[in-house]
Amino acid sequence: MASLNSVSVALVISVMVSCFVVALGGNFHQDFDITWGDGRAKILNNGELLTLSLDKTSGSGFQSKNEYLFGKIDMQLKLVPGNSAGTVTAYYLSSQGSTHDEIDFEFLGNLSGDPYILHTNVFSQGKGNREQQFYLWFDPTADFHTYSILWNPQRIIFSVDGTPIREFKNAESLGVAYPKNQPMRIYSSLWNADDWATRGGLVKTDWNLAPFTASYRNFNANACGSSSCTPSSASSSGSTNSWLNEELDSASQERLKWVQKNYMIYNYCSDSKRFEQGFPPECGINPTA
């Protein structure tokens, strides 16, 4: 009987540990599949660099081999330089189907000298329309910068170079669906969206400048696999999984307010013309400057 108990304990520990996926300084060959683009997406430098390209014929994209159900995901990106008007570089987590969940970073290109717009959104059970948009406080085309998604059962935090720019809290108590049951893959693509991306579609893509290229490196994932993880299993598995209970401390809250005060250019929770009948319920609990 003692040996059977030992086997049971070992099995529980194995299942608990195996639900975590850790990719530190991940290799793109090991962690991602190129999914479209007919050779326009390339994995270089022994798997340490990935580039996506866009020309008049096609864009390109990739997705993660693993699915994740909660996690802290980091990726370094260097965006299309120069006149990137009409282009969109999308980097996001998503499940599939009409009731999918999704956590979005989208980088909307612009004319040379004008700032990129960082567009964020959160979908739950197929419902999105939760847009917040930002300018960045640096040139995202000059060097690589880290774009992070922290997703745990209590909140989703979008960060840039470790600075939080947006927090979306779990508002299930208010009747708002929250992404918590559907494993999501990481997706990224570079594509032409000149019908809407730059100044509402007024500025078109200049194909004389093609190909347009975005670059990726230093992917890190500290996450649950497709099996659900709980805060208790995280604490049992070690401090590296503290993200499952992570929240913004007072210093991070001040940095979030700084970004939202100085760099936020659109917040759906402030768009009274759009929501004439009242703002969505989650707007009352999610921080804005």
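Worth saying up front: this structure is predicted, and the values here are computed from it rather than measured.

### Digging into unusual backbone geometry
- At the junction of Ala 210 and Pro 211, the peptide bond is cis and its omega measures out at 5° in the coordinates.
- The phi angle at Arg 199 is positive, at roughly 50°, despite the residue not being glycine.
- Summarising the element assignment, Arg 199 is placed in the loop between strand S14 (185-192) and strand S15 (212-224).

### What to know about the sheet that holds strand S16 (residues 264-267)
- Reading across the sheet, the eight strands line up as S2-S5-S14-S7-S8-S9-S10-S16 and stay open at both edges, with antiparallel pairing between neighbours. Of all strands in the sheet, those bounded by a partner on one side alone are strand S2 (32-36) and S16. With direction set aside, neighbouring strand axes in the sheet form an average angle of 15°.
- One ladder, built from four bridges, connects strand S5 (residues 60-64) with S14; its direction is antiparallel. If you follow Ser 60 over to S14, its bridge partner there is Leu 190.

### Thoughts on empty space enclosed by the protein
- Under the counting rule described, the total for this entry stands at one cavity of 30 Å³ or more.
- Each pocket or cavity is described by its volume, and for the largest cavity that value is around 50 Å³.
- Classifying every residue of the lining of the largest cavity gives four nonpolar, four polar and two charged.

### Digging into the pairing of strand S4 (residues 49-54)
- The element S4 is largely enclosed, with a buried count of six among its six residues.
- Burial of S4 is two-sided: the residues Leu 49, Thr 51 and Ser 53 facing one way and the residues Leu 50, Leu 52 and Leu 54 facing the other way are all buried.
- By the bridge criterion, three bridges tie strand S3 (residues 42-44) to S4 in an arrangement that is antiparallel. Residue pairing in the sheet places Leu 44 in a bridge with Leu 49 of S4.
- Between S3 and S4, which pair antiparallel and follow one another directly, the connecting turn spans four residues, one of which, Asn 45, has a positive phi of 50°.

### Quick notes on the pattern of salt bridges
- On inspection of all chains with the given rule, the structure shows nine salt bridges.
- Close ionic contact of Glu 167 with Arg 155 constitutes a salt bridge, the shortest N to O distance being 2.8 Å. One end of the pair, Glu 167, is in strand S13 (residues 163-169); the other, Arg 155, is in strand S12 (residues 155-160), with twelve residues separating them in the sequence. The same class applies to Glu 167 and to Arg 155, which are both buried.
- Glu 247 is the salt-bridge partner of Arg 155, the closest N and O atoms lying 4.0 Å from each other.

### With respect to the UniProt feature "active site" (unreviewed entry) in the chain
- Residues annotated in UniProt with the feature "active site" (unreviewed entry) correspond here to Glu 102 and Glu 106.
- Along the polypeptide, Glu 102 turns up in strand S8 (residues 102-108).
- Residue classification places Glu 102 among the buried positions, given a relative accessible area of 13%.
- At 2.9 Å, the side chain of Glu 102 and the side chain of His 100 are in polar contact.
- By the element assignment, Glu 106 lies in strand S8.

### Structural notes on the state of the cysteines
- The full count for this structure, using the stated rule, is one disulfide.
- Paired by a disulfide, Cys 269 and Cys 283 hold their sulfur atoms 1.9 Å apart. On the sign convention where negative means left-handed, the S-S torsion of about -80° between Cys 269 and Cys 283 marks this disulfide as left-handed. Of this pair, Cys 269 sits in the segment after S16 while Cys 283 sits in the segment after S16; the two residues are 14 residues apart in sequence, bridging distant segments of the chain. The burial state of Cys 269 is the same as that of Cys 283; both residues are buried.

What counts, and at which threshold
- Residues numbered from 1 in each chain as written.
- Predicted model: local features only at pLDDT ≥ 70, side-chain atom pairs only at ≥ 80, totals over all residues.
- Heavy atoms only, no water.
- Helix = DSSP H or I, 4+ residues; strand = E, 2+ residues; numbered from the N terminus.
- Pairing = 2+ DSSP bridges.
- Axes fitted to C-alpha atoms, helices over the stretch in contact; angles between N-to-C directions.
- 1 Å grid on protein atoms, 1.4 Å probe; cavity = no way out; pocket = protein on both sides within 12 Å on 5 of 7 lines; lining within 4 Å.
- Points joined across faces, edges and corners; volume = space filled by probe spheres on them.
- Nonpolar A, V, L, I, M, F, W, Y, C, P; charged D, E, K, R; others polar.
- Buried < 20%, exposed > 50% of the residue type's maximum accessible area, 1.4 Å probe, protein only.
- Salt bridge = Lys/Arg side-chain N within 4 Å of Asp/Glu carboxyl O.
- UniProt positions renumbered as here; feature names shortened; annotations may be inferred.
- Polar contact = N/O pair within 3.5 Å; in protein donor to acceptor, adjacent residues only side chain to side chain.
- Disulfide = S-S within 2.5 Å.

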